Amino acid sequence: MAEYPNIIKSKLPKVGTTIFTVMSQLANEQNAINLSQGFPDFDSSTELSNLVTEAMNKGVNQYAPMAGLISLREQIAIKTEKLYGVNYHPESEITITAGATQAIYTAIAAMVHEGDEVIIFTPAYDCYEPAIELNGGKPVFVQMNAPDYSINWEQVKKLINQRTKMIIINTPHNPTGTVLSNEDMQALEKIVSDTDIVVISDEVYEHIIFDGEHHQSAARFPGLAERAFIISSFGKTFHNTGWKLGYCIAPKNLMVEFRKAHQFVVFCVNHPMQYALAEYIKKESNYLELSSFYQQKRDYFNSLIKDSRFEILPSKGTYFELLSYKNITNMADTEYAIELTKKHKVASIPVSVFYHQKLDEKVLRFCVAKKEETLLKAAEILSKV
Ligand code: PMP
Ligand code: GLN
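As the structure is a prediction and not an experimental result, all values here were calculated from the model.

Enquirer: Please give an account of the sheet that holds strand E9 (residues 311-313) that cites residues and values.
Expert: Taken in spatial order, the 4 strands line up as E9-E10-E13-E12 in an open sheet, and their pairing is antiparallel. What marks the edges here is a single partner per strand, and that holds for E9 and strand E12 (349-350). In the sheet, E9 pairs with strand E10 (residues 320-324) via 3 bridges, with the strands oriented antiparallel. Bridge assignment links leucine 313 to a residue of E10, and that residue is leucine 322. Lying on the sheet, helix H14 (residues 333-344) is in contact with E12 and strand E13 (363-367); it crosses E13 at an angle near 45°.

Encoded structure:
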């Protein structure tokens, strides 16, 4: 197709295709084991798929209500109260979204005005920065301190000024697998008190937390909950990332603004799958058993590679493991991830891409949401590198 010249003034001049797409594509081309993009290589439950079929056969095939199916919102309210001890009203404080990505974009679009500053912690999940920029905001970066990726809250405090509109946190954290503690959340609570800063708490891995640790949802902290959009993803919890369903919970005044944007970003999301999830989520073992399920995978993978030349940076949550290769080569992580995929046939994600300054700590991220046989094959290869 012929192009009319010079009509584009890109709003995202520095953005290319996401690393997840790039590495998954390379893995496919190279016939490599794909531990790059975060998704399970096993299926979600047939019970859940049967419920979707049932909904479709029943004629649940037209638009869902704008804010989501009320029966599903009620179940989310019950789960949130049970786990975090707070009550969100299903009518006015819960919205079902097209995955967490849309919820994050929508919360940013609804809140951030031209010139507003938004604090994000690096390494950061990749969708925050472009969403802030598309909406005229200015991302302000705080680097977490390797190797435990802790946050220096004094540093955060110093960055707060009249233009600070939002702080985005993510626990359990992608890509590092670290989790925020009770003390971290209290420190943040103190920093935002008496300000008009809103918080996005990206909690998509809320049910994947290891070694008996408890997920510190922003919902548990009144000084955060009063100003927080808490966002989760069914894709992570029920092994169906391709369904792209998630949700956002927030106090009513925030949710009113969220829905003003939501109705024009997507209006509503997949109806039959909401119907199925509303049933499936009633059984609490369907999400409460997730931590031990994934801890076993983490431990299995780590036990297989413990004598390799890779150094394990232990994950406390999520389904990712970071491995340092500093004892193997000095290559840039972006190049080494490509070499591992092409030469050794195991694909991973270079962690530098999650840093604004592309900081290269010689660390790669591996997704362990895989069948044991996949993890075994990958670990055998990595152990010989
Ligand atoms: N936030 C984080 C931290 C994630 O890891 C992901 C996806 N893995 C998302 C948001 C997006 O979730 P979804 O696929 O539901 O859009
Ligand atoms: N969140 C997934 C990951 O971290 C990928 C999602 C995506 O491909 N956008 O790998």
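Enquirer: Tell me about the pattern of salt bridges, residues and numbers included.
Expert: This model, assessed by the stated rule, comprises 13 salt bridges. Glutamate 226 is paired through a salt bridge with arginine 227; the nearest N and O atoms lie 3.3 Å apart. Of the residues examined, glutamate 226 reaches a relative accessible area of 48% and is grouped as partly exposed. A relative accessible area of 9% places arginine 227 in the buried class. For the salt bridge of lysine 260 with glutamate 257, the shortest nitrogen-to-oxygen distance reads 2.8 Å. With lysine 260 and glutamate 257 both in helix H10 (residues 252-265) and 3 residues apart, the pair spans about one turn of that helix. Assessed through its relative accessible area of 43%, lysine 260 is described here as partly exposed.

Enquirer: Give a description of the pairing of strand E6 (residues 198-202) that names residues and reports values.
Expert: Burial of E6 is extensive: 5 of the 5 residues sit out of reach of the surface. Residues Val198, Ile200 and Asp202 point to one face of E6 and Val199 and Ser201 to the other, with burial holding for every one of them. The pairing of strand E5 (residues 164-170) with E6 spans 5 bridges and is classified as parallel. Residue pairing in the sheet places isoleucine 168 in a bridge with isoleucine 200 of E6. The pairing of E6 with strand E7 (residues 228-233) spans 4 bridges and is parallel. Across the sheet, the residue bridging to serine 201 is isoleucine 230, located in E7.

Enquirer: Hey, could you go over the site of ligand 1 for me, with residue numbers and the actual values?
Expert: The environment of ligand 1 is made up of 13 residues, and the closest members are Thr101, Asp202, Tyr205, Lys236 and Lys244. At 2.7 Å from an oxygen atom of ligand 1 is found a side-chain nitrogen or oxygen belonging to asparagine 174. For ligand 1, an oxygen atom lies 2.6 Å from a polar atom in the side chain of lysine 244. Summarising the interface, the protein chains cover 94% of the accessible area of ligand 1, which totals 390 Å² for the free molecule. Element by element, the count of residues in the shell around ligand 1 is highest for helix H4 (residues 99-111), at 4 residues. Split into classes, the residues belonging to the shell around ligand 1 amount to 5 nonpolar, 5 polar and 3 charged.

Basis of the calculations
Residues numbered from 1 in each chain as written. Chains lettered and ligands numbered in written order. Predicted model: local features only at pLDDT ≥ 70, side-chain atom pairs only at ≥ 80, totals over all residues. Heavy atoms only, no water. Pairing = 2+ DSSP bridges. Helix = DSSP H or I, 4+ residues; strand = E, 2+ residues; numbered from the N terminus. Contact = heavy atoms within 4.5 Å. Axes fitted to C-alpha atoms, helices over the stretch in contact; angles between N-to-C directions. Salt bridge = Lys/Arg side-chain N within 4 Å of Asp/Glu carboxyl O. Buried < 20%, exposed > 50% of the residue type's maximum accessible area, 1.4 Å probe, protein only. Near = heavy atom within 4 Å. Polar contact = N/O pair within 3.5 Å; in protein donor to acceptor, adjacent residues only side chain to side chain. Areas by Shrake-Rupley, 256 points an atom, 1.4 Å probe, with all protein chains shown as cover. Nonpolar A, V, L, I, M, F, W, Y, C, P; charged D, E, K, R; others polar.

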